[in-house]
Amino acid sequence: MRFTKEDKNLVEPLTIIEGIPGFSIHNGGRIKFGPDGLLYITAGDASISSLAQDTNSLAGKILRLNDDGTIPGSNPFPDSPVYSYGHRNPQGLAWDEEGRLFATEHGSSARDEVNIIEAGKNYGWPTVRGEETADGLENPLIHSGDDTWAPSGLAYLDGSLYFGGLRGQSLYEVPLDGETITINRHLQGNFGRLRDVVVGPDGFLYILTNNRDGRGIPSAEDDQIIRIDPEKL
Ligand SMILES: [Ca+2]
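Residues numbered from 1 in each chain as written. Predicted model: local features only at pLDDT ≥ 70, side-chain atom pairs only at ≥ 80, totals over all residues. Heavy atoms only, no water.

K.L.:
A description of the overall build of the chain should follow, citing residues and the corresponding values.
P.N.:
Helix and strand content of the chain: zero helices and 17 strands. For the chain, whose C-alpha radius of gyration is 17 Å, the value lies close to the compact-globule estimate of 17 Å for 233 residues. Along the three orthogonal principal directions, the C-alpha set of the chain runs to about 55 × 45 × 35 Å. In the chain, of all internal contacts separated by at least 6 residues, the share reaching a separation of at least 24 is 44%. Put simply, the chain shows about 11700 Å² of open surface, and 47% of that area lies on carbon and sulfur atoms. On the chain, the mean spot of the 20 positive side-chain charges and the mean spot of the 35 negative ones are 6 Å from each other. (Helix = DSSP H or I, 4+ residues; strand = E, 2+ residues; numbered from the N terminus. Rg over C-alpha atoms; globule rule 2.2 N^0.38 Å. Contact = heavy atoms within 4.5 Å. Areas by Shrake-Rupley, 256 points an atom, 1.4 Å probe, with all protein chains shown as cover. Lys, Arg positive; Asp, Glu negative; His and termini not counted. Charge placed at Lys NZ, Arg CZ, Asp CG, Glu CD.)

K.L.:
Let's hear about a nonpolar patch on the surface: which residues, and what values?
P.N.:
On the surface, Met1, Phe3 and Leu10 cluster together into a nonpolar patch covering about 350 Å² of accessible area. Inspection of the secondary structure assignment puts methionine 1 in the segment before strand S1 (2–6). Look at methionine 1 and you get exposed, because its relative accessible area is 59%. (Patch = residues over 30% accessible without salt bridge, like charges linked within 9 Å, V, L, I, M, F, W, Y side chains within 5 Å. Salt bridge = Lys/Arg side-chain N within 4 Å of Asp/Glu carboxyl O. Buried < 20%, exposed > 50% of the residue type's maximum accessible area, 1.4 Å probe, protein only.)

K.L.:
Go over the coordination of the calcium ion with me, naming the residues and quoting the values.
P.N.:
Here the calcium ion is held by the protein donor atoms Glu113 (OE), Glu113 (OE) and Tyr123 (O), which lie 2.4 to 2.5 Å from it. Note that glutamate 113 is positioned in strand S9 (residues 113–117) and tyrosine 123 in the loop between S9 and strand S10 (142–143), a separation of 10 residues in sequence. Using a relative accessible area of 2% as the deciding quantity, one classes tyrosine 123 as buried. (Donors = N, O, S within 2.8 Å, 3.2 Å for Na, K, Ca; no water.)

K.L.:
Now, about unusual backbone geometry: what can you tell me, with residues and values included?
P.N.:
With an omega dihedral of 0°, the bond running from tryptophan 125 to proline 126 counts as a cis peptide bond. Of note, the amide linkage connecting aspartate 222 to aspartate 223 takes the cis form, showing an omega dihedral of -15°. Within the element layout of this structure, aspartate 223 appears in the loop between strand S16 (205–209) and strand S17 (225–228). The phi torsion at glutamine 169 lies on the positive side, around 45°, for a residue other than glycine. Tracing the backbone shows glutamine 169 in the loop between strand S12 (160–165) and strand S13 (171–175). Here glutamine 169 falls in the partly exposed class, since its relative accessible area comes to 31%. Although it is not a glycine, leucine 187 adopts a positive phi angle of roughly 60°. Here leucine 187 lies in the loop between strand S14 (184–186) and strand S15 (194–199). Using a relative accessible area of 17% as the deciding quantity, one classes leucine 187 as buried.

K.L.:
I'd like to hear about the packing of aromatic side chains, residue by residue, with values.
P.N.:
With the rule as written, the count across this model stands at six aromatic pairs. Where phenylalanine 77 meets tyrosine 85, the ring centres are 5.9 Å apart and the plane angle is 75°; that geometry is what we call edge-to-face. The interplanar angle of 50° and the centroid separation of 5.3 Å between the aromatic rings of tryptophan 149 and phenylalanine 163 together place this pair among those described as tilted. A residue pair is termed long-range when its members are at least 10 positions apart, and tryptophan 149 in the loop between S10 and strand S11 (151–157) and phenylalanine 163 in strand S12 qualify at 14 residues. Tryptophan 149 gets classed as buried once you look at its relative accessible area, which sits at 3%. According to the relative accessible area criterion, phenylalanine 163 is buried, its value standing at 0%. The rings of Tyr40, Tyr83 and Trp95 are connected pair by pair, giving a single aromatic cluster. Directly above the aromatic system of tryptophan 125 lies the positively charged group of arginine 88, at a separation of 5.3 Å from the ring centroid. (Phe/Tyr/Trp six-rings, centres within 6.5 Å; stacked < 30°, edge-to-face > 60°. Lys NZ or Arg CZ within 6 Å of the ring centre and 35° of its normal.)

K.L.:
Which residues make up the nonpolar core, and what are the values?
P.N.:
Nonpolar side chains tend to gather and get buried jointly when the protein is soluble and globular. Counting residues in hydrophobic clusters, the biggest one holds 12 residues: Ala94, Phe102, Val114, Ile142, Trp149, Leu154, Tyr156, Leu161, Phe163, Tyr172, Val174 and Leu176. For this core, the secondary-structure elements that each account for two or more residues are S11, S12 and S13. Domain assignment of the residues forming this core places at least three in each of domain 1 (1–147) and domain 2 (149–233). Sequence-distant contacts of isoleucine 142, defined by excluding residues within four places in its chain, comprise Asp112, Glu113, Val114, Trp149, Ile181, Thr182 and Ile183. (Core = buried A, V, L, I, M, F, W, Y, C linked by side-chain atoms within 4.5 Å. Domains from an automatic or database assignment.)

Given below as structure tokens:
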């Protein structure tokens, strides 16, 4: 939905997109405007893995729309909001200063992913996982192997990606400037499940904990917004 802010009220509700399949799991559910001014939406497979490969379905996709809900003429499939497909449960979205789009995604049997997302490409679910390859299918930039990150919100700052881990209960950092792609784990277990991370205008990382979502072990102070100086991680 889009609302217009008028004083302290939200008015003129406008449906931007509807009919995205949902279920009790695998709902994606993040929205972010890209540097192109277009709205990107992550949609999970809603537990029906075959939908991820069906470009006529909105499930298992990253979608792209104009801010009024119309379909950009530059989208890869004519008259379709589908931007990329073959996703299981994509979550966080972030762009680097070159405009490259990255997305986190929950894998099956671990094998969580960070992908570089390009228009019209197929990210493999449910055909390939982890190191598996097949013609026409994209491999992740990095995956978690037998570990589980349960990666959620994603941010980009100064050459690194940062994402929150739910099951992993950590802030993960992926430096992009090295010869090989590695992952650094921060704050392990300090705050429980980490749902989202954003970069504030002050250059600090703001992290949302999520221990009261039915899967965490909340303490009396949960949930919190944590502010971290990335230089001190
Ligand atoms: Ca994949």
